[in-house]
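The chain contents come next:
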Amino acid sequence: MLRILTLLFAVALVVSCGLKLTKKGISSIEDVLEHRNIWDTSVPQCTDIQLVFDINATVQESKGLNKRYLDCPYPETGVPCFYYKDPVNPIFSVRNGSRELERFNGSHTFKIVGGGPSRNNIRYYNEREMLEINSFSYSASTPESTVWTVQNQQQSMDLTEEGFVIMRGSENWVGFVCQKNSPCGDLKPQGLLSPDFFFIAEVSNKGVDSSTDCVLSIRFELHIHGFPLLPGRALFCLGMTMITLFIILCSYVLYNICGPKQDREQNSLSDDEELVEANVWTRLEEIYHVIYSFTQRRLFRNFILSVVFFDTALMIAQAFPDVIARGGWVFSAIESCFLGIYLMEMLLKLLALGHNYFRDPWNIIDFLITVLRVVDFLLPFMLSTSIHPPVKKAARAIRAFRLLKAIRSIGRIQVLLTTLVQSLPSIASTSFLMAMVLIMFTVFLRVLYADTVPVSFGTFARTISTLFQVLTLDDWAMVYENSYSKGAPHVMIFLVVFIVIENLILLNFILAVLVDNIGITIENANRRAKAMQDEEKERIRKIEDELSETRPEEESHQEALLKRFSEEKHGERKAELMAEYLGVLASMEKSQFSFHSEAFLLNRLVEISHKKCTKE
């Protein structure tokens, strides 16, 4: 009878609290529970029963659950610390007077009632904030909590009237999500370490546990570290990087177009109707040539190469859980900046090379890698915050392809891969011959030793696996010892013949083909480079010969002017002044013609280099 009355009283209390919430508005959380100065202590409703948060058992349970335990870089005494991505299973015990602790397995509600970025800045939330943070049915747009969620919930969750989850004993794991509109949604690091947050959690069996008449409640502190970079802030880093690079590029283009040398060159070329049709098109052509020369500069290639190597080092560092837990926020921000650099590189090369960009296989590889990284970057925007685990794994695996950019930046590795591709026809024929020999020996040995040595030659698949092991010389003596113990010692003859044919002849033949093709590829590359240098020298020599043929015309022009002046009848003083004037004029014309010649030579060199790069 007492339990029935207690249950009716609890229901009436919940209904009255709900009516107060809807009629009187939002009240302070202090009117519901007295929380001041409660740290790892309980608020018992029974005089001799207390609920205790077992820190050691919780840490051990987390180690067994996550197969690891990533502690905080700077742990606080008496406060358990957990990694953001690792679910937590809080363990509670019941102390009944002087009796030993017993594990609490009753139903209870879990709520976050306070928190802050540090222990000195912790504040308790009001009732409205508690509903927004903890209620799984606070609004239609928020079907789950904005701060935490239940990780291992297999069935539909039981909720209270306020939307709080009813957890069953220690079966439910708490995982922190910290969406954007939550108190821990957009944290900034105080250094190179990822940001952390201190939560004040409340556990209570009030109105949800029918196994006891006592109302047990406790508030305790949790320290969560290693919060990730939000997608919005990553997009901000990407945008700022691209804007910065665009400003640098614009400054470089303006300097090369509007600089003093370029002004003189444009003035000298402005009268050439074959090169300039309109001022607008001339400027666009100048911008194109500047961007093209910028993408071909060694400084640009070395910069991209250094970014690729640094990006590779970051990817390798993130393979260690301790490193990613402490610096994941900073690593994500740097990766967003690197993605901006890769996008600018791809756009500049597309602008400079046009459709010729896709004629180079390495450019196609760069394009695909960049597109895959963009898809990985946009994945959190396209999906909800709770991304399916296989999608997360696939997105994480895509990042490994960025190593191909490092291979693309090293010329010698390109030669090796090009040789491998060119050697595929020869390798394919040799590999086909090896497969035929393997199948022949498989059928032969299976027929002879299927009954004698069934472990190694019992089926067709086992025989192929055994022969492949013998081919790689991986502990092949064990195959012979096993056959010898089963009464088949003469299998040694067939194994030796198989090793000689497959390993010593055919496999070495493949290596010989690769080595020979590498030598041929390097020789052809050196020959092409030498031919291009000779061709460039010949073009420059022809241009110099054309210019040298025009130099005698300058001298004859000056003599003609002097002769024409001497035929006219003028005074002696006037003749001297005119001769001096004409001499100065002739020297000015000579200097102007020399400047025209140099500009013409420079323009021809630019055209030749552009045509050569277009052909390549």
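Along every chain, residues carry numbers that run from 1 in the direction the sequence is written. In keeping with the model being predicted, local features are shown solely for residues with a pLDDT of at least 70 and side-chain atom pairs are shown and tallied solely at 80 or more, while totals for entire chains, interfaces and linings include all residues. Excluded from the side-chain calculations are hydrogens and water; all other atoms, namely the structure's heavy atoms, are used.

Trainee: What should I look at first to understand the pattern of salt bridges in this one?
Mentor: Side chains carrying opposite charge are able to pair once their charged atoms draw close together. By definition, a salt bridge exists where a carboxyl oxygen of Asp or Glu is found within 4 Å of a side-chain nitrogen of Lys or Arg. Taken as a whole and assessed by the stated rule, the structure comprises eleven salt bridges. The shortest N-O distance in the salt bridge between K111 and E202 comes to 3.3 Å. Here K111, found in strand β6 (residues 107-116), pairs with E202, found in strand β11 (residues 196-204); they are 91 residues apart in sequence, far enough to count as distant. Comparing K111 with E202 shows no difference in burial state: the two are buried. Under the DSSP-based scheme used, a helix requires at least four consecutive residues in state H or I and a strand at least two consecutive residues in state E, with every element numbered from the N terminus. Classification of residues uses two cut-offs on accessible area relative to the type maximum, computed with a 1.4 Å probe and protein chains only: under 20% is buried, over 50% is exposed, and between them is partly exposed.

Trainee: Would you mind showing me how to read the sheet that holds strand β4 (residues 92-96) here?
Mentor: At least two bridges found by DSSP between two strands is the condition for calling them paired. Read from one edge to the other, the open sheet built from three strands follows the order β2-β4-β5, with strand pairing classed as antiparallel. Each having just a single partner strand, β2 (49-53) and β5 (102-103) make up the two edges of the open sheet. In terms of strand pairing, β4 meets β5 through two bridges, oriented antiparallel. Bridge assignment links S93 to a residue of β5, and that residue is R103.

Trainee: Just to check I follow, could you spell out helix α8 (residues 321-353) for this structure?
Mentor: The periodicity of an α-helix, 3.6 residues per turn, causes residues three or four positions apart to be oriented the same way. Between the first and last C-alpha of α8 there are merely 42 Å, a value that for 33 residues lags more than 12% behind the 48 Å anticipated at 1.5 Å per step. At G327, α8 shows its maximal bend, which comes to roughly 80°. A positive backbone phi angle near 70° is found at G354, which sits one or two residues after α8. To estimate how far a helix should reach, multiply one less than its number of residues by 1.5 Å. Fitting axes to the seven residues that end at a residue and to the seven that start at it, the angle between those axes gives the bend at that residue.

Trainee: Explain the confidence of the model for the protein chain here, please?
Mentor: Low pLDDT marks stretches whose predicted atomic positions should not be read closely. Looking at the protein chain as a whole, its pLDDT mean stands at 76, while 72% of the residues score no less than 70. Across the chain, each position has a pLDDT score giving the predictor's confidence in that residue, from 0 to 100. When mean pLDDT is compared element by element in the protein chain, strand β3 (residues 81-83) scores highest at 93, while strand β1 (residues 41-42) scores lowest at 42. The criterion used for residue contact is that any of the two residues' heavy atoms lie within 4.5 Å. Contacts for the low-pLDDT stretch residues 17-44, under 50 throughout, to residues beyond four places or in other chains number 45 contacts. Low pLDDT (under 50) marks residues 139-143, which in the prediction has two contacts with non-local residues, meaning those over four places away or in another chain.

Trainee: Explain helix α7 (residues 298-317) to me, please; I cannot follow it from the model alone.
Mentor: Here α7 contains 20 residues, and its C-alpha end-to-end distance of 29 Å stays within 8% of the 28 Å for a straight helix at 1.5 Å per residue. Among the residues of α7, those classed as buried are F300, I304, V307, V308, D311, T312, L314 and M315. Each buried residue of α7 sits inside an arc of 160° when the element is viewed along its axis, so together they form one side. Opposite the buried face of α7, by more than 90 degrees, sit the exposed residues R298 and L299. Summarising the geometry, the arc corresponds to the directions from the helix axis toward the C-beta atoms.

Trainee: Sorry if this is basic, but what is going on with the state of the cysteines here?
Mentor: Cysteine pairs can be linked by a disulfide, which is a covalent bond between their two sulfur atoms. The disulfide definition used here is simple: a pair of cysteine sulfur atoms within 2.5 Å. For the structure shown, the criterion picks out two disulfides. What pairs with C178 in a disulfide is C184, and their sulfur atoms sit 2.0 Å apart. On the sign convention where negative means left-handed, the S-S torsion of about -90° between C178 and C184 marks this disulfide as left-handed. C184 shares its class with C178; the two are buried. Of all cysteine sulfurs, the one in C337 lies closest to C237, which takes part in no disulfide; the gap is 5.1 Å. The class of C237 is buried, set by a relative accessible area of 16%.

Trainee: Is there a simple way to think about the pairing of β4 in this case?
Mentor: Along any regular strand, the residues point their side chains to alternate faces of the sheet. Alignment of β2 against β4, held across five bridges, turns out to be antiparallel. Directly across from Q50, in β4, lies its bridge partner R95.

Trainee: What's the story with the nonpolar core in this structure? I'm lost.
Mentor: Ranked by internal contacts, the top residues of the largest apolar core, which has 64 residues, are I112, W148, F176 and F199. Here the element with the most residues in this core is α8; it accounts for eight residues. Other than its neighbours up to four places away in sequence, F199 contacts I112, G114, G115, V147, F176, C178, C184, F220, E221, L222, I224 and F227. With 20 residues, the next largest nonpolar core counts V437, L438, L467 and A488 among its residues. Residues belong to a common nonpolar core when they are buried Ala, Val, Leu, Ile, Met, Phe, Trp, Tyr or Cys residues joined through side-chain atoms within 4.5 Å.

Trainee: How do you make sense of the packing of helix α13 (residues 424-449) against helix α15 (residues 460-471) when you look at a structure like this?
Mentor: Two quantities define a packed helix pair, namely the angle between the helix axes and the distance between the axes. At a minimum axis distance of 9 Å, the contact between α13 and α15 shows a crossing angle of 125°. Our classification of the angle between α13 and α15 gives oblique. Crossing geometry of α13 relative to α15 is assigned as right-handed. Together, M434, L438, F441, T442, V443, L445 and R446 of α13 and F460, T463, I464, L467 and L471 of α15 make up the contact between the two elements. Here the axes come from fitting lines to C-alpha atoms, over the contacting stretch only for helices, and the angles between their N-to-C directions go from 0 to 180 degrees. Orientation is classified from the angle alone, with under 35 degrees giving roughly parallel, over 145 giving roughly antiparallel, 65 to 115 giving roughly perpendicular, and any other angle giving oblique. Crossing handedness is defined as follows: a turn of the near helix away from the far one that is anticlockwise and smaller than a right angle gives a left-handed crossing, while the clockwise case is right-handed.

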